[in-house]
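Now for the letters of each chain:
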Amino acid sequence: MKGLISIKSAFKIAALFYAIAFIHTNVNAQQDSLYQLFDYSERKKFNISEIKIEGAVNRDRNAIKSIAGLREGEQVLVPGDAIPNAVKALLRLRLFEDVQIYAEKVEGDLIFLKIILLERPTLSRYSIEGEKKGKHTSLTDIIDETLNKGSIVTQDLKDLCITKLKNYYIEKGFLDASITIEEYDDDIKPNAVRLVFHVDKGERVKIANITILGNVKFADAKLKKKLKGTKEIGTFLKKSKLVKAEYEEDKKALVQFYNKNGYRDAAVISDTIWRSFGGDLFLEMKIYEGKQYYFRNISWKGNSKYTDEYLSAILGIEKGSVYDPELLDKRLSFSIDGRDVSSLYLDDGYLFFSVDPVEIAIVNDSIDMQMQIFEGAQATISSVGISGNDRTHEHVIRRELRTRPGYKFSRSDIIRSQRAIMNLGYFNPENLDIQTPVNQQNGTVEVNYAVEERPSDQLELSAGYGGSQGGLIGTLGVTFNNFSLRNIKDKSTWSPLPQGDGQKLSIRAQSNSRFFRSYNMSFTEPWLGGKRPTSFTLGAVSSAFDQKDFGLGSLNITRIFTGLGTQLKWPDDFFSIGGTLTMETIKLNQYSNGGFFVDGVSVTDGNFKNFSFTATLSRSSVSEPIFPRSGSRITLSVQFTPPYSIFRSDNFWKLNQMEIDDLEDRLIDKLGPGAIINLATEIARVEISRRFEFLEYHKWQLKGEWYYNIVDKLVLAANIKFGFLGNYSNSIGISPFERFELGGDGLSNQNVGIVGRDIISMRGYETSDFGVNTQGGGAVYNKLTMELRYPLSLNPNSSIYVHGFVQGGNAWSSFKEFNPYDMKRSAGFGLRVFLPMFGLLGFDYGLGFDKDPNATGFQGYGQFNIVLGFEPE
């Protein structure tokens with residue numbers, strides 16, 4: 001310090017002269033330059049009169065002064081720490097390449113400061129060269145994580161971009177990828193640069209050979225299959241590459257495979273990787289297998305709630321079983337089906353329960369285990385919170401929950417509550433979050449459900465061409481799945497109709513101004529009375545066809561229906577039961593386009609009444625409605641009418657001779673003398689209309705669906721369907737209505753579906769491929785389907801999945817002809833897109849293997865089907 005003062009004294013006159021002129025600081029020697037201008041022995045306080053800022057024209061001036069810690073009117077000591085600290089503070093922003101502070105002038109105790117800033121350049125734009133445009137999106141995502149338009153460009157950030165891009169290519173197997181960046185001044189924007197990323201990814205470096213040493217118990221091929229991310233050249237449908245992170249995971253997976261088979265001491269003791277002169281990789285691993293171990297004695301410690309015998313039965317591991325730590329963990333804590341010891345305790349409120357398996361003895365190849373249990377106290381639910389429901393009223397969610405304040409904590413109740421919320425269809429299942437903060441001192445737990453609303457209403461707007469006779473048929477339909485009847489007077493709840501109470505309102509209209517119109521409406525209240533999940537449904541359908549101009553007559557259908565359903569508690573609460581009462585009238589007036597037959601005679605005239613009751617028993621444990629990954633749904637239903645024939649005489653429909661004569665006279669008057677009249681056919685038609693004036697039948701249907709998550713998001717879906725239409729009286733026979741029609745896409749049209757005929761899709765086949773359809777449909781059918789499904793997107797705004805399927809099915813005119821092994825087979829693929837506003841959309845392409853042999857070529861065997869609004873039966 002003394003040395004510095006003596007130097008300053010030697011230049012005292014010069015220092016005093018220049019001190020009034022300026023103070024200079026810079027990045028490299030800010031303190032030295034300041035002390036060269038002011039004598040240490042003459043440190044003085046100045047009042048800052050003015051601060052000017054030069055450069056950084058787009059930066060906030062007041063913010064710069066604030067960050068520098070310099071303000072007009074405040075005192076500053078020169079020389080002192082204030083000026084150097086101001087420079088350091090501004091440099092720490094990493095916005096400036098150089099910071100200089102001058103004293104423009106000094107007047108008495110007033111000092112006038114000037115801050116000169118040299119900004120770092122900002123990024124105006126960048127481009128990528130050397131890579132296909134199709135790959136640019138992935139690269140720009142990586143670059144944008146580090147450098148955005150308008151951000152400061154530094155060498156560190158450029159180096160970071162290069163590192164990230166190289167890592168991206170290394171993960172793809174391009175180990176020799178080279179990335180360089182060129183920087184150019186922008187011609188348009190001042191103090192800005194544009195960057196050019198030059199990519200040379202080179203050739204993918206492949207693994208020429210994987211050598212495994214030391215393995216005796218398992219063959220090389222079996223062990224190599226466990227290396228999921230590390231494959232050698234020639235592996236079927238797998239790219240050969242080396243990614244270090246995946247390789248490390250594969251080594252762990254290899255050891256876990258050995259552990260699962262009882263080799264608890266197995267390890268990868270060494271591995272070597274090298275490259276040949278040609279650039280290919282060679283990999284060698286040496287394995288120590290050790291000996292195979294078995295479970296011997298399993299004991300329990302710390303359990304008071306359940307006996308050792310009961311816990312051992314739940315564990316399900318017998319003495320002498322192969323030592324498998326993965327199986328042990330599942331049976332203790334992580335079994336998907338809930339068959340584990342932890343579930344036993346957690347479902348009974350023991351939230352603080354824990355179990356620690358300890359090896360207490362190893363004798364030769366046998367291991368004794370002790371399960372050390374801490375049961376803890378039972379936890380009680382203190383509160384249940386719901387958040388995120390912007391449209392759905394809270395009571396709609398709360399009534400679905402099985403977790404209530406004051407109840408004992410139960411993990412299965414939380415899982416069931418989660419499933420119930422997802423099955424409402426109002427919320428995004430991917431973002432459903434359940435938090436359970438615990439208060440150990442009080443022995444209580446809070447349960448908080450965080451939901452995210454998604455659109456649930458659906459709009460159907462379509463038009464189709466029905467041929468020269470049908471013309472253009474328009475369809476307009478809306479379904480409000482979260483309707484609120486009680487808020488219909490509250491305009492604030494309308495969007496576009498009142499919503500939030502979980503009711504369902506559906507309105508649909510189809511029309512062709514020339515000949516066809518159909519209207520239907522239904523309303524469902526899922527919690528009638530609000531105390532139990534008892535559903536109430538009321539609906540009506542009115543349809544009319546007037547094809548007299550084409551000589552095809554007319555058809556009118558009117559139907560009203562009402563139903564009740566409720567959840568059962570026995571055998572378990574996955575069961576539900578329901579009943580629906582339907583009253584329908586069907587009027588045919590010389591309608592020859594309906595395809596209704598009895599004993600080979602076309603039914604064209606009559607006034608038919610269909611009064612029926614449908615009872616349904618179902619069990620559903622499906623995890624979520626749109627893309628189920630687990631669970632099942634089984635439904636058994638029976639629809640029946642009163643047995644009118646019991647109260648009528650035999651052959652009541654037969655015409656007597658007087659009625660036959662009268663019919664013949666009317667036909668002559670209508671057709672004219674000399675006209676050819678098939679009197680027998682006309683008699684049969686009249687008798688059919690009398691015979692089935694009051695329809696009588698019993699109709700049974702069994703439907704089953706099963707879903708299994710194979711791996712990741714790949715789901716196996718299995719489906720069976722069976723239907724049977726019976727009669728009370730053999731003399732009356734099978735009803736011409738309520739039959740089953742197989743084939744096509746299963747979508748209802750103007751001729752079928754509205755009269756109660758069940759339309760069963762059969763991918764790969766037209767309805768004409770089933771001979772029974774030409775006689776009015778089948779009385780018996782069965783259908784089996786297997787699908788592999790994989791989701792492309794589970795976004796609530798557009799859920800998309802693809803699937804491949806195999807299918808078989810057939811229909812018969814009577815139960816005597818029924819042969820479950822005589823099925824028409826098909827296979828194919830398809831796509832499903834669920835849009836909340838429009839419902840389900842998609843297509844299927846199926847190949848029918850048992851079509852008419854006269855069909856020629858690939859096109860003759862293939863069938864393309866469209867899916868609109870709902871999944872076909």
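Because the structure is predicted, anything quoted here is derived from the model rather than measured.

Reading the values: the criteria
- The residue numbering used here restarts from 1 in each chain and proceeds along that chain's sequence as written.
- Totals for whole chains, interfaces and linings use every residue, but because this is a predicted model, local features are given only for residues with pLDDT of at least 70 and side-chain atom pairs only at 80 or more, for both listing and counting.
- Derived side-chain values reflect all non-hydrogen atoms in the structure, with water molecules and hydrogen atoms excluded from consideration.
- Here the axes come from fitting lines to C-alpha atoms, over the contacting stretch only for helices, and the angles between their N-to-C directions go from 0 to 180 degrees.
- We count a stretch as a helix when DSSP gives it H or I for four or more residues in a row; a strand needs E for two or more, and each element gets its number in order from the N terminus.
- By definition, any crossing whose near helix is turned counterclockwise from its far helix by less than a right angle is left-handed, and any crossing with a clockwise turn is right-handed.
- Residues count as neighbours in contact if any of their non-hydrogen atoms are within 4.5 Å of one another.
- Polar here means any residue other than Ala, Val, Leu, Ile, Met, Phe, Trp, Tyr, Cys and Pro, which are nonpolar, and Asp, Glu, Lys and Arg, which are charged; Gly is therefore polar.
- One less than the number of residues in a helix, times 1.5 Å, gives the span that helix is expected to have.
- Polar contacts here mean pairs of N or O atoms no more than 3.5 Å apart (in protein, one a potential hydrogen donor and the other a potential acceptor; neighbouring residues in sequence count only if both atoms are side-chain atoms).
- Whether two strands pair comes down to DSSP finding at least two bridges between them.
- A side-chain nitrogen of Lys or Arg and a carboxyl oxygen of Asp or Glu constitute a salt bridge if their distance falls within 4 Å.
- Each aromatic pair joins two rings of Phe, Tyr and Trp (for Trp, the six-membered one) with centres within 6.5 Å, and gets the label stacked for planes under 30 degrees apart, edge-to-face for over 60, and tilted for any other angle.
- Only protein chains enter the accessibility calculation, which uses a 1.4 Å probe. A residue is then buried if its area is under 20% of the maximum for its type, exposed if over 50%, and partly exposed in between.
- Definition used: whenever NZ (Lys) or CZ (Arg) falls within 6 Å of the ring centre and also within 35 degrees of the ring normal, the charge is taken to sit over that ring.

Participant: Can you explain the packing of helix α16 (residues 657–671) against helix α17 (residues 679–691)? Please cite residues and give values.
Facilitator: It is at 11 Å that the axes of α16 and α17 come closest, and there the two elements cross at 115 degrees. In this structure, the crossing between α16 and α17 has a hand that is right-handed. Contacts from E659, I660, L663, E664 and L667 in α16 reach L679, E682, I683, V686 and R690 in α17. Residue composition of the contact of α16 with α17, by class: six nonpolar, no polar and four charged.

Participant: Please provide a residue-by-residue account of α16, values included.
Facilitator: Because each turn of an α-helix spans 3.6 residues, side chains separated by three or four positions end up pointing in the same direction. With 15 residues, α16 should cover 21 Å at 1.5 Å per step; its first-to-last C-alpha distance of 21 Å lies within 8% of that length. Contacts from the buried residues of α16 go to α17. Of the residues that open α16, the one with a side-chain oxygen 3.2 Å from the backbone nitrogen of M658 is N656. At the exit of α16 stands G672, carrying a positive phi of roughly 100 degrees.

Participant: Please provide a residue-by-residue account of the sheet that holds strand β4 (residues 110–119), values included.
Facilitator: The strand order β2-β1-β4-β3 describes an open sheet built from four strands, whose pairing is mixed. Each end of this open sheet is capped by a strand with a single partner; those strands are β2 (75–78) and β3 (96–107). Taking the axes of each pair of neighbouring strands and ignoring which way they run, one obtains an average angle of 45 degrees across the sheet. In the sheet, β3 pairs with β4 via ten bridges, with the strands oriented antiparallel. From the neighbouring strand, A103 faces β4, where its bridge partner is L113. Seen against the sheet, helix α5 (residues 82–92) touches β2, β3 and β4 and runs at an angle of roughly 150 degrees to β3.

Participant: Explain the packing of helix α6 (residues 136–146) against helix α7 (residues 155–171) residue by residue, including any values.
Facilitator: The N-to-C vectors of α6 and α7 enclose an angle of 145 degrees; their axes lie 9 Å apart at closest approach. Relative to α7, the crossing made by α6 is right-handed. For the pair α6 and α7, contact is made by S138, L139, I142, I143, E145 and T146 and by L157, L160, C161, K164, L165, Y168 and Y169, respectively.

Participant: Please provide a residue-by-residue account of the pattern of salt bridges, values included.
Facilitator: Following the criterion strictly, the structure yields 48 salt bridges and no others. In this structure, E430 and R629 form a salt bridge, with 3.1 Å as the shortest nitrogen-oxygen distance. One end of the pair, E430, is in the loop between α14 (411–424) and β15 (433–435); the other, R629, is in the loop between β27 (606–620) and β28 (631–640), and 199 residues separate them in sequence. The residue D769 makes a salt bridge to K851 at a minimum N-O spacing of 3.1 Å. Placement of D769 in the loop between β32 (758–760) and β33 (780–795) and of K851 in the loop between β36 (839–848) and α18 (857–861) is noted, with a sequence separation of 82 residues between them. Salt bridges linked by common partners bring R763, E787, R789, R832 and D844 together as one network.

Participant: Can you lay out the packing of aromatic side chains for me, pointing to particular residues and giving the numbers?
Facilitator: Per the counting criterion, the structure on display carries 33 aromatic pairs. Taken together, a centroid distance of 6.1 Å and an interplanar angle of 85 degrees make the contact between Y169 and F174 edge-to-face. As far as burial versus exposure is concerned, Y169 and F174 are alike and both buried. Judged by centre distance (5.5 Å) and plane angle (80 degrees), the ring pair of Y345 and Y350 falls under edge-to-face. Here the guanidinium or amino end of K609 rests over the ring plane of F694, the centre of that ring lying 5.6 Å away. Positioned above the aromatic ring of F652, the side-chain terminus of R648 is 4.4 Å from the ring centre.

Any functional reading would require information that these geometric values do not contain.
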